[in-house]
Amino acid sequence: AEITPWLFASGGIAVRVQGMRRFYALLLAGDRVKLVKALDGDRVLADAPLAWDANNPYLFRLRVLGSTITAWVNDRRLFEVTDSDRPLTDGGVAFVLEEGHMVSERFSVRPLP
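What you see is a predicted model, and the numbers here were worked out from it, not measured in a lab.

Caption draft 1: Here's a closer look at the layout of surface pockets. Its boundaries defined by the atoms lining it, the largest pocket holds a volume of some 660 Å³. What lines the largest pocket is a set of 25 residues, among which Arg61, Leu62, Ser108, Val109 and Arg110 lie closest to the centre. Counting residues per element, the ones that place at least two in the lining of the largest pocket are strand 2 (10-17), strand 6 (58-65) and strand 9 (92-98). Per-element accounting of the lining of the largest pocket gives the leading share, six residues, to strand 6.

Caption draft 2: Focus on the nonpolar core. Grouped together as the largest cluster of nonpolar side chains are 25 residues, with contacts concentrated most on Leu26, Val33, Leu35, Phe60, Leu62 and Phe79. Elements supplying a minimum of two residues to this core: strand 2, strand 3 (23-29), strand 4 (32-38), strand 5 (42-49), strand 6, strand 7 (68-73) and strand 8 (76-82). Contacts of Leu62, omitting those with residues within four sequence positions, involve Ile13, Val15, Tyr24, Ala25, Leu26, Leu35, Ile69, Thr70 and Ala71. The next biggest cluster of nonpolar side chains, apart from the first, holds seven residues, and it includes Phe23, Ala25, Leu27 and Val96.

Caption draft 3: Spotlight on the pairing of strand 2. In terms of burial, strand 2 is largely enclosed, as seven of its eight residues are buried. The pairing of strand 2 with strand 3 spans six bridges and is antiparallel. If you follow Ser10 over to strand 3, its bridge partner there is Ala29. A loop of five residues connects strand 2 with strand 3, the two strands running antiparallel in sequence, and Gly19 in this loop sits at a positive phi of about 150°. Alignment of strand 2 against strand 9, held across seven bridges, turns out to be antiparallel. Bridge pairing in strand 9 places Val17 opposite Gly92.

Caption draft 4: Focus on the packing of aromatic side chains. Counted under the stated rule, the structure contains two aromatic pairs. Measuring from ring centre to ring centre gives 5.4 Å for Phe8 and Trp52, while their planes differ by 35°; the resulting arrangement is tilted. With a gap of 44 residues between them, Phe8 in the loop between strand 1 (2-6) and strand 2 and Trp52 in the loop between strand 5 and strand 6 connect regions that are remote in the sequence. For Phe8, a relative accessible area of 9% puts it in the buried group. Residue classification places Trp52 among the partly exposed positions, given a relative accessible area of 22%. Ring geometry for Phe95 versus Phe107: centroids 4.9 Å apart, planes at 85°, classification edge-to-face. A residue pair is termed long-range when its members are at least 10 positions apart, and Phe95 in strand 9 and Phe107 in the segment after strand 10 (101-106) qualify at 12 residues. Residue classification places Phe95 among the partly exposed positions, given a relative accessible area of 40%. Taking the relative accessible area as the measure of exposure, Phe107 reaches 31% and is therefore partly exposed. In this arrangement the basic side chain of Arg61 is found over the ring face of Trp72, its NZ or CZ atom lying 3.8 Å from the centre.

Rules of the game
- Residues numbered from 1 in each chain as written.
- Predicted model: local features only at pLDDT ≥ 70, side-chain atom pairs only at ≥ 80, totals over all residues.
- Heavy atoms only, no water.
- 1 Å grid on protein atoms, 1.4 Å probe; cavity = no way out; pocket = protein on both sides within 12 Å on 5 of 7 lines; lining within 4 Å.
- Points joined across faces, edges and corners; volume = space filled by probe spheres on them.
- Helix = DSSP H or I, 4+ residues; strand = E, 2+ residues; numbered from the N terminus.
- Core = buried A, V, L, I, M, F, W, Y, C linked by side-chain atoms within 4.5 Å.
- Buried < 20%, exposed > 50% of the residue type's maximum accessible area, 1.4 Å probe, protein only.
- Contact = heavy atoms within 4.5 Å.
- Pairing = 2+ DSSP bridges.
- Phe/Tyr/Trp six-rings, centres within 6.5 Å; stacked < 30°, edge-to-face > 60°.
- Lys NZ or Arg CZ within 6 Å of the ring centre and 35° of its normal.

Here you go:
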């Protein structure tokens, strides 16, 4: 998904969404990018610094294969994490937004080759 963040606390995309509080998400939050698992609360699986501008679009990509989640921002691979603690094995996709506004003009879902 291509996302333009406009003044939010955090925002991004989610995969294997099974409800409002069950998913994996790639989020911009403060001056960081985080891979989060929401299941009985939120747990940060990985995070890194990322300076971003509220008016520029960013390309977010998540790949899930079995219990391994790989995350990219602007074609830069940031994280590859294997979740062995009650991994989410199926679900939908969604945007995630906390306190604010963001814009997206494209969101695609494709099967893995």
